[in-house]
Amino acid sequence: MAAEEGPTVELRQRKKLKSSENKESVKEEKISDTPVPERAPKHVLFQRFAKIFIGCLAAVTSGMMYALYLSAYHERKFWFSNRQELEREITFQGDSAIYYSYYKDMLKAPSFERGVYELTHNNKTVSLKTINAVQQMSLYPELIASVLYQATGSNEIIEPVYFYIGIVFGLQGIYVTALFVTSWLMSGTWLAGMLTVAWFIINRVDTTRIEYSIPLRENWALPYFACQIAALTGYLKSNLNTYGERFCYLLMSASTYTFMMMWEYSHYLLFLQAISLFLLDSFSLQQSDKVHEVYKIYIFSLFLGYLLQFENSALLVSPLLSLVVALMLAKCLQLNVKKGTFIAKIMKVINFYLVCTLTVTLNIIMKMFVPHKENGHMLKFLEVKFGLNMTKNFTMNWLLCQESLQAPSQDFFLRLTQSSLLPFYILVLIICFLSMMQVIFRRINGKSLKEAITLEDGRIGGRPEIIYHVIHTILLGSLAMVIEGLKYLWTPYVCMLAAFGVCSPELWMTLFKWLRLRTVHPVLLALILSMAVPTIIGLSLWKEFFPRLMTELMELQEFYDPDTVELMTWIKRQAPVAAVFAGSPQLMGAIKLCTGWMVTSLPLYNDDDLLKRNENVVCEEGDKLTYSKYGRFCHEVKINYSPYVNYFTRVYWNRSYFVYKINTVISFQS
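- For the protein chain, an unreviewed UniProt entry supplies the name Dpy-19 like 4 and the organism Ailuropoda melanoleuca.

Listed below in structure tokens is the structure:
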């Protein structure tokens with residue numbers, strides 16, 4: 001066969017071809033010149049198989065153990081199995097209560113189709129308002145859970161609440177398994193995966209909110225995003241074979257779309273990922289064709305999500321779509337010039353400017369022609385948060401007061417330092433970032449670099465998947481420094497990147513290359529440190545934190561909230577069927593779940609109308625956030641001589657709650 005390919009290559013060299021044909025001929029020449037690799041000996045194949053088998057077993061075991069740990073901790077914390085149904089439901093707070101209430105509604109429906117119809121035309125939740133709850137609250141997890149519960153016959157085996165939280169805990173197991181695999185792919189050793197899981201669990205206060213709010217959208221969505229990142233990491237690797245590349249591509253496609261369906265804010269996170277890939281491509285760090293294949297996945301997921309999410313206009317006006325379309329257009333306009341030349345550098349700058357300009361222009365055009373209301377308050381909030389605008393708007397200032405939307409406290413950094421996570425993360429990030437900049441400058445100056453990077457090269461910044469993760473973690477970290485709630489996106493990344501670095505011989509070899517270490521063979525020392533450092537870290541973490549974890553599992557706690565139980569019991573027994581309740585958004589979610597009564601507002605931040613209703617409960621139209629001559633309503637209404645007694649009658653009270661009925665006939669009292 002090689003004898004027949006030789007003349008073909010020679011003819012193509014003589015023939016004048018177009019640029020695209022020339023590229024194909026060069027690729028074919030490279031393929032023909034590449035020597036056929038010899039088959040590895042049997043003992044080497046056995047070692048590889050054993051390494052992969054043990055790593056996969058460790059990854060799956062880690063995920064299962066974490067899921068079992070969450071289940072046991074949840075049982076101990078709430079004494080869940082010994083509670084009545086009402087007391088169990090009270091443990092779902094705020095927006096978590098809303099999500100679980102719709103899961104209950106689906107199970108009560110006579111059929112799945114009827115249940116979906118009632119949710120998409122829901123007029124039993126918010127008074128005087130019909131909403132599409134599936135679209136507005138991203139209730140696809142509840143739809144899937146209700147189908148699985150009934151289709152698998154689980155209603156005869158397990159209670160609905162256990163089935164629901166069991167699925168979420170199982171997804172969290174997949175979450176840590178995906179982080180394990182990502183760190184393993186980057187470092188080449190499953191020891192990095194074990195260290196990732198250890199750091200994730202020890203710092204779980206800052207890595208996940210699963211302990212406090214089980215049904216949150218992020219708890220359903222982030223496991224799929226972790227799977228997407230793992231697949232993307234494998235896909236960007238230079239030494240991946242064809243079958244592995246196809247598997248990673250399919251997994252990435254499926255997980256990207258699922259992630260977008262599970263969380264209404266997913267396209268913003270994918271936008272940051274697209275920026276990271278764009279910078280990776282702009283620096284000419286190889287894998288340009290693969291990066292553009294990922295862009296196609298974004299477009300496919302966006303339009304499929306738009307169709308299946310009841311023509312969700314938020315996806316059409318998302319910055320992700322504008323950026324990807326701009327990148328595709330810039331790719332078509334890009335000229336082929338020799339790398340390293342002055343013209344090539346100018347073209348890079350022009351291409352970068354073109355993409356940024358097109359992205360902003362396309363996004364403005366889409367917002368002009370596509371009707372949309374979704375997440376408009378988010379842009380206003382970000383403007384106020386970053387000091388770009390000042391406002392006395394109640395909703396904006398109320399959002400600024402939310403703990404999750406403030407800057408992280410010093411305790412957050414102290415906790416990460418005490419577990420040794422933050423120091424090693426900073427070390428790994430600095431080495432990878434400097435190595436990345438070194439490679440970029442060499443490429444800009446036109447210096448040729450080996451495509452196949454070996455351990456002796458000490459050039460960890462030349463690997464595309466490493467560069468992507470460095471850029472992505474910097475973007476996420478920058479946002480987490482401003483908004484504390486985003487730490488749940490960044491801290492798992494910190495666990496994975498720090499574990500990869502200390503377990504990677506390439507990282508230590510890169511450091512030794514800079515230090516010009518000559519007293520000890522640098523390759524040998526790098527291999528020793530990549531095993532010794534994580535082992536020492538693991539032993540210290542085991543000694544300090546493992547007893548604490550065991551103590552948490554052995555300690556039997558009790559969720560005690562009798563006032564809320566009494567309130568819900570009174571509503572179910574004595575409140576009129578047509579009653580509508582108004583109050584704090586957090587309490588409204590619990591009332592909707594535990595009693596089924598209608599409320600005036602919900603604890604959701606993604607709907608302008610609901611936010612306005614929350615404002616109207618405590619602030620009248622036109623009021624400013626200044627001193628008022630009137631006292632607070634909640635305080636004044638409890639006073640007998642208050643003028644409010646003419647309009648309200650107290651019908652129930654306990655130590656924590658007061659319920660007032662609006663008088664149909666106003667009686668003025670002296």
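1. Quick notes on the overall build of the protein chain
Part 1 of the reasoning: Helices and strands together make up the secondary structure of the protein chain, namely 30 helices and four strands.
Part 2 of the reasoning: Taking all 670 residues of the protein chain together, the buried fraction comes to 46%.
Part 3 of the reasoning: Of the contacts made within the protein chain by residues no fewer than 6 positions apart, 71% connect residues no fewer than 24 positions apart.

2. Digging into a nonpolar patch on the surface
Part 1 of the reasoning: A cluster of nonpolar side chains, namely Ile426, Ile430, Phe433, Leu434, Ile474 and Trp514, defines an oily patch on the protein surface of about 490 Å² accessible area.
Part 2 of the reasoning: Sorting elements by how many residues they give to the nonpolar patch places helix 22 (residues 421-444) first, with four residues.
Part 3 of the reasoning: Position of Trp514 relative to the elements: it lies in helix 25 (residues 505-515).
Part 4 of the reasoning: For Trp514, a relative accessible area of 31% corresponds to the partly exposed category.

3. Considering the packing of aromatic side chains
Part 1 of the reasoning: Going through the model one piece at a time under the given rule, you end up with 24 aromatic pairs.
Part 2 of the reasoning: Measuring from ring centre to ring centre gives 4.7 Å for Phe92 and Tyr100, while their planes differ by 15°; the resulting arrangement is stacked.
Part 3 of the reasoning: Ring centres of Tyr235 and Tyr249 lie 5.9 Å apart, and the angle between their planes is 45°; this geometry places the pair in the tilted category. Remark: Tyr249 occurs in helix 13 (residues 242-262) and Tyr235 occurs in helix 12 (residues 217-236); sequence separation between them is 14 residues.
Part 4 of the reasoning: The exposure class assigned to Tyr235 is buried, which follows from its relative accessible area of 4%.

4. Focus on the side chain of Gln172
Part 1 of the reasoning: Note that Gln172 resides in helix 9 (residues 160-187).
Part 2 of the reasoning: Look at Gln172 and you get buried, because its relative accessible area is 1%.
Part 3 of the reasoning: Within the structure, Gln172 has its side chain in polar contact with the backbone oxygen of Asn219 (distance 2.9 Å).

5. Some points on the pairing of strand 3 (residues 648-653)
Part 1 of the reasoning: By the bridge criterion, five bridges tie strand 3 to strand 4 (residues 658-662) in an arrangement that is antiparallel. Counterpart to Arg650 in the pairing with strand 4 is Tyr660.
Part 2 of the reasoning: Once strand 3 ends, the chain turns through four residues before running back antiparallel as strand 4.

6. As for the pattern of salt bridges
Side chains bearing opposite charge may pair, as long as their charged atoms lie close to each other.
Part 1 of the reasoning: Summed over the entire model, instances satisfying the criterion amount to 19 salt bridges.
Part 2 of the reasoning: Notably, a salt bridge pairs Arg88 with Glu159, separated by 2.6 Å at the nearest N-O pair. On the criterion of sequence distance, the pair formed by Arg88 in helix 4 (residues 85-90) and Glu159 in the loop between helix 8 (140-151) and helix 9 is long-range, its members being 71 residues apart.
Part 3 of the reasoning: The network of salt bridges with shared partners includes Asp206, Arg415, Glu484 and Lys487.

7. Concerning the nonpolar core
Part 1 of the reasoning: Judged by nonpolar contacts, the single largest core of 159 residues is most densely connected at Met137, Trp199, Leu277, Tyr298, Phe581 and Ile591.
Part 2 of the reasoning: Setting aside residues up to four positions removed in sequence, Phe581 forms contacts with Ile571, Ala575, Met588, Ile591, Trp597, Met598, Val599, Thr600 and Val659.
Part 3 of the reasoning: Phe381, Leu399, Leu405 and Ile483 belong to the second-largest nonpolar core, a separate cluster that totals five residues.

Cut-off values and rules
Residues numbered from 1 in each chain as written. Predicted model: local features only at pLDDT ≥ 70, side-chain atom pairs only at ≥ 80, totals over all residues. Heavy atoms only, no water. Helix = DSSP H or I, 4+ residues; strand = E, 2+ residues; numbered from the N terminus. Buried < 20%, exposed > 50% of the residue type's maximum accessible area, 1.4 Å probe, protein only. Contact = heavy atoms within 4.5 Å. Patch = residues over 30% accessible without salt bridge, like charges linked within 9 Å, V, L, I, M, F, W, Y side chains within 5 Å. Areas by Shrake-Rupley, 256 points an atom, 1.4 Å probe, with all protein chains shown as cover. Salt bridge = Lys/Arg side-chain N within 4 Å of Asp/Glu carboxyl O. Phe/Tyr/Trp six-rings, centres within 6.5 Å; stacked < 30°, edge-to-face > 60°. Polar contact = N/O pair within 3.5 Å; in protein donor to acceptor, adjacent residues only side chain to side chain. Pairing = 2+ DSSP bridges. Core = buried A, V, L, I, M, F, W, Y, C linked by side-chain atoms within 4.5 Å.

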